[in-house]
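Spelled out from the first residue to the last, the chains are:
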Amino acid sequence: VGASLSPLPTASPPPLQSSPLPTLADLAIPCHAAGRPRAPFRRKVPTSPTASPESRRGLRLSDGRHGSSLPCCPGRPRYGLSILGFVRRRRRLCDRVRARRVRAGAEMKGVSAIPAVAIIPSPLFLWRVKVILFLLWGLCCCKIGWDSVMRMSVDLRDLFLYEAFLYYNPLLLVALMIWLWGVNLWVFAQSSVNYAKVFDLSQTHLSHREIWRCATWLTLVVPTSMTAYLYLYSHGEVSLAASQPVLLYAILLMILLSPFDMFYLSSRFFFLRTMWRIALPLQAITFPDFFMADIFTSMSKVFSDLERSGCRMVHRQVATIAWFEADSICGSHSVAIPLVLVLPYLCRFFQCLRQYKDTKEKTCLLNALKYSTAVPVIFLSALKYHVFPDVWISFYRPLWLISSVVNSLYSFYWDIKRDWDLSILTRIFMFKNPSAWSNLLYGRSWGILLGVR
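Residues numbered from 1 in each chain as written. Predicted model: local features only at pLDDT ≥ 70, side-chain atom pairs only at ≥ 80, totals over all residues. Heavy atoms only, no water.

*Asks:* In this structure, what is going on with the overall build of the protein chain? I would like to understand it.
*Replies:* Tallying secondary structure elements over the protein chain gives 19 helices and 0 strands in all. Looking at the protein chain residue by residue over its 453 residues, the buried ones come to 29%. If you take every contact in the protein chain between residues at least 6 apart in sequence, the share linking residues at least 24 apart comes to 61%. About 30,500 Å² of surface is accessible on the protein chain, with carbon and sulfur atoms providing 69% of the total. (Helix = DSSP H or I, 4+ residues; strand = E, 2+ residues; numbered from the N terminus. Buried < 20%, exposed > 50% of the residue type's maximum accessible area, 1.4 Å probe, protein only. Contact = heavy atoms within 4.5 Å. Areas by Shrake-Rupley, 256 points an atom, 1.4 Å probe, with all protein chains shown as cover.)

In structure tokens, the structure reads:
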């Protein structure tokens, strides 16, 4: 009994022979690349439930999906993992460890571990919330502005509304232009038009979504400042009301000229550089140069209102009606107004002359003549505030009417026939010719504008 109770002698397990880990060369170079014969592909044979673990492990190692057991390489360890499989297993292991740590941290805080995907709302739900908030904000601004206007006296109401319109109308038109420019980029993207190459943009250019984001912020800020201006002025806070447009213009100007890497620095630098090239067309004209200059000719009235607003802010005439007086320097008789109005047309005129110097095409001279016809219209209309009324009606007004008709007809003909190419548009909309659309985008119309053809 004592002998039976004594512990049986146990055999110590043999020491594990650690085989060296495979290197990248061992995993990447197959046997047949080293001059050895290729091992035959071994199919995975189903095993019985009573099969030993060694046999199952051997079958798994010889599975074609995980690699070969490499029986033709006698001195090499039996590793069936490829580099890609090793990376995948390592990644799964890291994911398990990370999930275990997150679960442990949540249990320590007493919070159940909820997947991050479950708490993210859908894009449609976010879009609906944004639309609802935007409509509520618009209703609040309209209600506060209407109540503020109704508190004013009847004799000052029209003058004050005209003044508020002067400060905020150009910014609202700029916001509308940015919205429509985003629509253009969206149409270009949907039509597979490589507008980045046409406009000579970098790879980091703003997409239509980012353009719409900028337009959204401008649309929110400008009416909010206008509502605060109306509310403060109607409640007697004239100094605070006068500071609203000044702060708005100052903030927008600082954002545009900011040298820091924020608010799309590369796009703002591209815009400022293009404006400098438009103001001084001493180099070859590129597509962004004349395209932006054409946009500026359409926004000449916006520039005129911006000049009048800036003049009133500099001379401290905000929230007053002194600019209606004859001795004011910011009224309609100011000499700076026609100069600002004619500046975009002069820039476009010199661009056409520069194109003629580079290409020697007479089309550029005819295009320059179109922009030169706008100059007498602007200056003759400005003479209305500097001559006597009878002289204006008898002499200058007929000249102004004749120059206006000539400018309108010439611009209409040039836009329809030269820029838009009426013959191609007729084939598109009347004959449904699909090839005409590509001709319109990449054919003679763009070539005329660029001065290539």
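From this point, things continue past the structure.
*Asks:* For this particular structure, what's the right way to read the packing of aromatic side chains?
*Replies:* Each aromatic ring pair is summarised here by two numbers: the centre-to-centre distance and the angle between the ring planes. By the definition in use, this model includes 12 aromatic pairs. Plain terms: the ring middles of Tyr167 and Tyr229 are 6.1 Å apart, the flat faces sit at 85° to each other, and that makes the pair edge-to-face. Highlighted residues: Tyr167 in helix α6 (residues 154-190) and Tyr229 in helix α8 (residues 208-234), separated in sequence by 62 residues. What makes Tyr167 buried here is its relative accessible area of 0%. Here the aromatic rings of Tyr168 and Tyr229 are separated by 6.2 Å at their centres, their planes lie at 55°, and the arrangement is tilted. Placement of Tyr168 in helix α6 and of Tyr229 in helix α8 is noted, with a sequence separation of 61 residues between them. Neither residue differs from the other here; Tyr168 and Tyr229 are each classed as buried. Members of the aromatic cluster, connected to one another through ring pairs, are Trp181, Phe287, Phe290 and Phe291. Over the aromatic face of Tyr356 sits the side chain of Lys360, whose NZ or CZ is 5.9 Å from the ring centroid. (Phe/Tyr/Trp six-rings, centres within 6.5 Å; stacked < 30°, edge-to-face > 60°. Lys NZ or Arg CZ within 6 Å of the ring centre and 35° of its normal.)

*Asks:* Would you take a moment to explain the nonpolar core for this structure?
*Replies:* Grouped burial of nonpolar side chains is what soluble globular proteins tend to show. Membership of the largest hydrophobic core comes to 20 residues, with the highest contact counts inside it found for Tyr167, Tyr168, Val222, Tyr229, Leu230 and Val318. At the level of elements, α6, α8 and α9 (238-257) are the ones that each hand at least two residues to this core. If near-sequence neighbours (up to four positions away) are discounted, Val222 is found in contact with Tyr168, Leu171, Leu172 and Leu248. Formed by 9 residues, the second largest nonpolar core is a distinct cluster that contains Leu341, Tyr345, Ala368 and Ala374. (Core = buried A, V, L, I, M, F, W, Y, C linked by side-chain atoms within 4.5 Å.)

*Asks:* When you look at the pattern of salt bridges in this model, what are you seeing that I'm missing?
*Replies:* As a working rule, side chains carrying opposite charge can pair if their charged atoms are close by. Taken as a whole and assessed by the stated rule, the structure comprises 7 salt bridges. For the salt bridge of Lys143 with Asp147, the shortest nitrogen-to-oxygen distance reads 2.5 Å. Of the two residues, Lys143 and Asp147 both sit in helix α5 (residues 123-150), 4 residues apart, roughly one turn of that helix. Put simply, Arg277 and Asp289 hold a salt bridge, and the shortest N to O gap is 2.9 Å. Here Arg277 is found in helix α10 (residues 265-279), whereas its partner Asp289 is found in helix α11 (residues 287-298), with 12 residues between them in sequence. The exposure class assigned to Arg277 is partly exposed, which follows from its relative accessible area of 22%. (Salt bridge = Lys/Arg side-chain N within 4 Å of Asp/Glu carboxyl O.)

*Asks:* Help me out: how do you make sense of the confidence of the model for the protein chain in this one?
*Replies:* Regions with low pLDDT should not have their predicted coordinates read in detail. Across the protein chain, pLDDT averages 75, with 69% of residues at or above 70. Put simply, helix α19 (residues 444-450) is where the protein chain has its lowest mean pLDDT, 41, and α8 is where it has its highest, 92. Contacts of residues 1-11 to residues separated by more than four positions or lying in other chains number 0 contacts, the stretch itself having pLDDT below 50. Predicted confidence is poor over residues 21-48, with pLDDT under 50, and the contacts of this stretch with residues over four places away or in other chains come to 33 contacts. (pLDDT = per-residue confidence, 0-100.)

*Asks:* Just to check I follow, could you spell out unusual backbone geometry for this structure?
*Replies:* Negative phi is the rule for most residues except glycine; trans is the rule for most peptide bonds. A positive phi angle, close to 60°, is found at Tyr264, a residue other than glycine. Positive phi outside glycine occurs at Lys360, with the angle close to 60°. For Lys360, the position within the fold is in the loop between α13 (336-359) and α14 (362-372). With a relative accessible area of 61%, Lys360 lands in the exposed category.

*Asks:* Teacher, can you tell me more about the UniProt feature "transmembrane region" (unreviewed entry) in the protein chain here?
*Replies:* Per the UniProt annotation, the sites labelled "transmembrane region" (unreviewed entry) are residues 125-146, 166-189, 210-234 and 246-265. Annotation note: span residues 166-189, helix share 100%, strand share 0%, distance between end C-alpha atoms 36 Å. With 100% helix and 0% strand, residues 210-234 has end C-alpha atoms that lie 37 Å from one another. (UniProt positions renumbered as here; feature names shortened; annotations may be inferred.)

*Asks:* Any chance you could explain the state of the cysteines here in plain terms?
*Replies:* Simply put, the disulfide is a covalent bond whose two ends are the sulfur atoms of two cysteines. In this structure the tally under the stated criterion is 1 disulfide. The disulfide partner of Cys311 is Cys330, and the S-S distance across this bridge is 2.0 Å. For the disulfide bridge between Cys311 and Cys330, the dihedral angle about the S-S bond is near -75°, and by the sign convention the bridge is left-handed. Here Cys311, found in helix α12 (residues 300-314), pairs with Cys330, found in the loop between α12 and α13; they are 19 residues apart in sequence, far enough to count as distant. Cys330 carries the same exposure label as Cys311, and that label is buried. Of the cysteine sulfurs around Cys364, a residue in no disulfide, the closest is that of Cys352, at 6.7 Å. For Cys364, a relative accessible area of 4% puts it in the buried group. (Disulfide = S-S within 2.5 Å.)

*Asks:* I would appreciate a short explanation of a positive patch on the surface in the present structure.
*Replies:* A cluster of basic residues, Arg88, Arg89, Arg91, Arg92, Arg96, Arg100 and Arg103, forms a positive patch on the protein surface. Along the chain, Arg91 falls in helix α4 (residues 83-109). You can call Arg91 exposed: its relative accessible area is 55%. (Patch = residues over 30% accessible without salt bridge, like charges linked within 9 Å, V, L, I, M, F, W, Y side chains within 5 Å. Lys, Arg positive; Asp, Glu negative; His and termini not counted. Charge placed at Lys NZ, Arg CZ, Asp CG, Glu CD.)

*Asks:* Got a minute to help me understand the environment of Glu210 in this structure?
*Replies:* Relative to the elements of secondary structure, Glu210 occurs in helix α8. Along the chain, Glu210 and Gly182 lie 28 residues apart, while their C-alpha atoms are 8.3 Å from each other. Once residues lying within four places of it in the same chain are set aside, the contact partners of Glu210 are His205 and Tyr264. At 3.0 Å, the side chain of Glu210 forms a polar contact with the backbone nitrogen of Ser207. (Polar contact = N/O pair within 3.5 Å; in protein donor to acceptor, adjacent residues only side chain to side chain.)

*Asks:* Would you take a moment to explain the packing of α6 against α8 for this structure?
*Replies:* The description of two packed helices rests on the angle between their axes and on the distance between the axes. Axis separation between α6 and α8 bottoms out at 8 Å; the angle between their running directions is 170°. If you check the angle between α6 and α8, you find them roughly antiparallel. Residues of the contact of α6 with α8, tallied by class, amount to 24 nonpolar, 5 polar and 1 charged. (Axes fitted to C-alpha atoms, helices over the stretch in contact; angles between N-to-C directions. Parallel < 35°, antiparallel > 145°, perpendicular 65-115°, else oblique. Nonpolar A, V, L, I, M, F, W, Y, C, P; charged D, E, K, R; others polar.)

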